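Remarks on the overall topology
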Number of protein chains: 2
Amino acid sequence: MAAAAPPPPPSPTPAVISEDLLPTGYNVFSRIRLATIVDVPHIHKLIHQMAVFERLTHLFSATESSLSSTLFPENSPPPFTSFTVFLLEVSQIPFPLIDQNYPNFSPIHKTVNLDLPITDPQAETFRSCGNDVVVAGFVLFFPNYSSFLAKPGFYIEDIFVRECYRRKGFGKMLLSAVAAQAAKMGYGRVEWVVLDWNVNAIKFYEEMGAQIMQEWRVCRLTGDALHAFASINI
Amino acid sequence: MAAAAPPPPPSPTPAVISEDLLPTGYNVFSRIRLATIVDVPHIHKLIHQMAVFERLTHLFSATESSLSSTLFPENSPPPFTSFTVFLLEVSQIPFPLIDQNYPNFSPIHKTVNLDLPITDPQAETFRSCGNDVVVAGFVLFFPNYSSFLAKPGFYIEDIFVRECYRRKGFGKMLLSAVAAQAAKMGYGRVEWVVLDWNVNAIKFYEEMGAQIMQEWRVCRLTGDALHAFASINI
């Protein structure tokens with residue numbers, strides 16, 4: 001508890017303050033919280049923007065309904081035990097406290113100081129709870145398992161920051177939120193994939209201490225091939 | 001329902017049967033079932049053998065206790081919603097029926113006919129429930145998620161068949177059991193990784209219809225780097 005405050009000093013005479021002593025730039029308040037089923041329309045739009053960015057819209061078939069039923073099924077398991085979405089929100093004013101304190105997670109707040117204000121042409125589309133809150137990105141992850149360590153880890157399936165919020169540290173903030181959650185839960189690893197020609201991303205990941213597993217290739221069985229193979233032998 | 005059988009014909013006079021009409025070879029009865037906590041000592045030995053095979057024993061730190069608590073925690077979720085192990089067992093005699101019929105899985109049986117009997121020097125070590133039953137391999141998998149499809153899939157972390165049981169179709173049987181389970185549950189994909197120099201494995205996977213995702217690299221954050229990155233920014 002804070003000690004009782006001393007009486008305020010007498011107000012100084014107002015004076016002209018040199019401009020270079022004024023606080024410079026613009027504060028953006030950001031928060032990472034667990035997404036809920038109410039956020040699905042925003043999550044759907046974010047995933048679609050990611051598909052556009054990756055030029056993979058021909059592979060995109062998610063709907064709000066299919067996302068709701070798979071990410072937030074009835075009798076959802078506790079956070080972090082299955083598919084989990086962290087939502088990144090930004091605001092011009094500080095965030096109020098919200099009632100989202102799970103036993104092993106509380107929302108993460110960070111104030112970012114920028115030289116220029118951010119102009120968000122889609123602010124209305126991504127308006128979140130609260131007049132001044134806008135959804136700026138997300139990370140979708142779920143537990144994986146290392147049998148050598150006999151420990152769970154997290155696998156990051158998607159990490160995405162909307163265009164006007166990029167290059168401001170928000171991607172790193174989302175990644176470190178997942179790493180922090182893994183460390184807090186005693187998990188052994190965080191893993192994800194990157195395209196081999198994306199040298200900037202690879203450099204960034206290496207600088208943050210990640211290993212790039214050069215020898216491993218992902219194998220995928222899907223569509224007709226999955227069903228054909230599923231029906232052999234048994 | 002089958003029609004009533006006609007009366008049997010009179011027994012023919014016993015005759016010498018030419019040897020090449022006799023059934024040849026040796027039958028091996030095999031079964032894939034869900035592993036339980038009772039199987040942990042076998043799973044632990046199988047994972048260790050896999051680490052020896054991959055020359056990665058320096059990364060192996062699993063114990064029976066840590067496997068038990070992470071693969072089969074108290075209040076385990078239903079099969080297939082988290083980390084799941086299929087165990088491959090073999091026997092010289094047909095398997096009795098076991099009470100392991102979950103709503104979405106029943107044990108899978110297959111009879112394999114071989115030219116020569118299998119000599120298993122570790123049969124005693126891997127003796128399973130029932131005198132004639134031996135554990136021959138396993139596959140460890142868990143759900144993953146495709147946000148473009150808005151569908152879960154399965155990720156195969158480990159697939160392993162003990163040396164004396166290899167090149168008899170058991171690996172394919174384990175893989176197709178996971179593919180069949182994915183198809184049955186309406187899942188979109190089965191994925192795993194392979195070492196890029198393992199050309200035989202890659203050929204096998206491509207022949208079964210899998211795509212090898214040449215452009216993707218796995219990134220891993222673990223150990224001190226995980227904890228360092230977890231503590232930044234937040």
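Residues numbered from 1 in each chain as written. Chains lettered and ligands numbered in written order. Predicted model: local features only at pLDDT ≥ 70, side-chain atom pairs only at ≥ 80, totals over all residues. Heavy atoms only, no water.

For the rest of this paragraph, the subject is the layout of surface pockets. A water-sized probe, rolled over the atoms, reveals where empty space remains. Within this model, the second largest pocket holds a volume of roughly 1,200 Å³. Along its surface, the second largest pocket is lined by 49 residues, and Pro77, Thr81 and Ser82 of chain A together with Pro77 and Thr81 of chain B are the ones closest to its centre. Of all elements in the fold, only α2 (64–71) and β2 (84–91) of chain A together with α2 (64–71) and β2 (84–91) of chain B reach the threshold of two or more residues within the lining of the second largest pocket. The greatest single-element share of the lining of the second largest pocket, amounting to three residues, is contributed by α2 of chain A. When its residues are assigned to classes, the lining of the second largest pocket shows 32 nonpolar, 16 polar and one charged. (1 Å grid on protein atoms, 1.4 Å probe; cavity = no way out; pocket = protein on both sides within 12 Å on 5 of 7 lines; lining within 4 Å. Points joined across faces, edges and corners; volume = space filled by probe spheres on them. Helix = DSSP H or I, 4+ residues; strand = E, 2+ residues; numbered from the N terminus. Nonpolar A, V, L, I, M, F, W, Y, C, P; charged D, E, K, R; others polar.)

Residues and elements named next belong to chain A. Inspection of every chain in the model, using the stated rule, returns 16 salt bridges over all chains. Glu89 is the salt-bridge partner of Arg33, the closest N and O atoms lying 2.8 Å from each other. Taken as a pair, Arg33 in strand β1 (residues 26–34) and Glu89 in strand β2 lie far apart in primary sequence, 56 residues in all. A relative accessible area of 5% means that Arg33 is categorised as buried. Look at Glu89 and you get buried, because its relative accessible area is 0%. One connected set of salt bridges, linked through shared partners, spans Arg31, Arg33, Asp39 and Glu89. (Salt bridge = Lys/Arg side-chain N within 4 Å of Asp/Glu carboxyl O. Buried < 20%, exposed > 50% of the residue type's maximum accessible area, 1.4 Å probe, protein only.)

Turning our eyes to something else, we now look at the relation of the copies chain B and chain A. In screw terms, the move from chain B to chain A is a rotation of 180° and a rise of 0.0 Å along the axis, fitting with an RMSD of 0.0 Å. The symmetry that links the two subunits is that of a two-fold axis. The share of interface residues of chain B whose copies in chain A are also at the interface is 100%, consistent with both copies meeting through the same surface. (Least-squares fit on C-alpha atoms with pLDDT ≥ 70 in both. Contact = heavy atoms within 4.5 Å.)

Our focus in this paragraph is the interface of chain B and chain A. Between chain B and chain A, the contact holds 74 residues from the first and 75 residues from the second. Approximately 7,200 Å² of surface area, both sides summed, lies buried where chain B meets chain A, with 63% of it carried by carbon and sulfur atoms. When the area that chain B buries against chain A is broken down by residue, the three leading residues are Phe148, Arg217 and Arg220 of chain B, summing to 13%. Counting across the chain B and chain A interface gives four salt bridges. In this structure, Arg220 of chain B and Glu191 of chain A form a salt bridge, with 2.6 Å as the shortest nitrogen-oxygen distance. The tally of links from chain B across to chain A stands at 28 residue pairs in polar contact (both at pLDDT 80 or more). By residue number, the principal contributor to the side of chain B that touches chain A is helix α3 (residues 170–184) of chain B, which donates eight residues. Here three bridges tie strand β8 (residues 216–222) of chain A to strand β7 (residues 211–213) of chain B, and the two strands are oriented antiparallel to one another. (Buried area = accessible area lost by both parts, 1.4 Å probe. Polar contact = N/O pair within 3.5 Å; in protein donor to acceptor, adjacent residues only side chain to side chain. Pairing = 2+ DSSP bridges.)

Turning our eyes to something else, we now look at the packing of aromatic side chains. This structure, assessed with the given rule, holds 30 aromatic pairs over all chains. Both rings, one in Phe86 of chain B and one in Phe141 of chain B, keep their centres 5.0 Å apart while their planes meet at 55°; by these two values the pair is tilted. Remark: Phe141 of chain B occurs in strand β4 (residues 133–146) and Phe86 of chain B occurs in strand β2; sequence separation between them is 55 residues. Linked through ring pairs, Phe80, Phe86, Phe105, Phe141, Phe154 and Tyr187 of chain A together constitute an aromatic cluster. Directly above the ring of Phe53 of chain A sits Arg166 of chain A, whose terminal nitrogen or CZ lies 4.8 Å from the centroid. (Phe/Tyr/Trp six-rings, centres within 6.5 Å; stacked < 30°, edge-to-face > 60°. Lys NZ or Arg CZ within 6 Å of the ring centre and 35° of its normal.)

This next bit is on the environment of Val134 of chain B. Residue and element names in this part refer to chain B. For Val134, the location among the structural elements is in strand β4. Among the residues examined, Val134 registers a relative accessible area of 6% and is labelled buried. Sequence spacing of Val134 and Val194 is 60 residues, and the spatial spacing of their C-alpha atoms is 27 Å. Excluding residues within four positions of it along the chain, Val134 makes contact with Leu88, Glu89, Val90, Asp120, Ala123, Phe126, Arg127, Ser128, Arg162 and Tyr165.

With mixed pairing, eight strands are arranged side by side in an open sheet as β3(B)-β1(B)-β2(B)-β4(B)-β5(B)-β6(B)-β8(A)-β7(B). Strand pairing shows two members of the sheet lacking a second neighbour, β3 (108–114) and β7 of chain B, which therefore form its edges. Pairs of neighbouring strands in the sheet enclose a mean axial angle of 30°, with direction left out of account. Where β2 of chain B and β4 of chain B come together, eight bridges link them in antiparallel fashion. Bridge pairing links Leu87 of chain B to Phe138 of chain B in β4 of chain B. Packed on one face of the sheet, helix α5 (residues 223–230) of chain A meets β8 of chain A together with β6 (189–195) of chain B and runs near 80° to β8 of chain A. (Axes fitted to C-alpha atoms, helices over the stretch in contact; angles between N-to-C directions.)

Our next topic: the environment of Val90 of chain B. All names here are of chain B. Topologically, Val90 is positioned in strand β2. For Val90 and Pro152, which are 62 residues apart along the polypeptide, the C-alpha to C-alpha distance reads 31 Å. Not counting chain neighbours up to four residues away, the residues in contact with Val90 comprise Val28, Phe29, Ser30, Phe95, Asp132, Val133, Val134, Ala136, Tyr165 and Phe170.

Attention now goes to empty space enclosed by the protein. Counted under the stated rule, the structure contains two cavities of 30 Å³ or more. Size it by volume and the largest cavity reaches roughly 60 Å³. Considering the residues around the largest cavity, the lining is formed by Thr81, Ser82, Phe83, Phe142 and Pro143 of chain A together with Thr81, Ser82, Phe83, Phe142 and Pro143 of chain B. Those elements giving two or more residues to the lining of the largest cavity turn out to be β4 (133–146) of chain A together with β4 of chain B. Within the lining of the largest cavity, the residues separate by chemical class into six nonpolar, four polar and no charged. Size it by volume and the second largest cavity reaches roughly 40 Å³. Looking at the second largest cavity, the residues that line it are Asn144, Tyr145, Ser146, Leu149, Lys151, Pro152, Gly153, Gly188, Arg189 and Glu191 of chain A. Those elements giving two or more residues to the lining of the second largest cavity turn out to be β4, β5 (151–161) and β6 (189–195) of chain A. A class-by-class count of the residues in the lining of the second largest cavity yields three nonpolar, four polar and three charged.

Read these as spatial facts, not as claims about activity.
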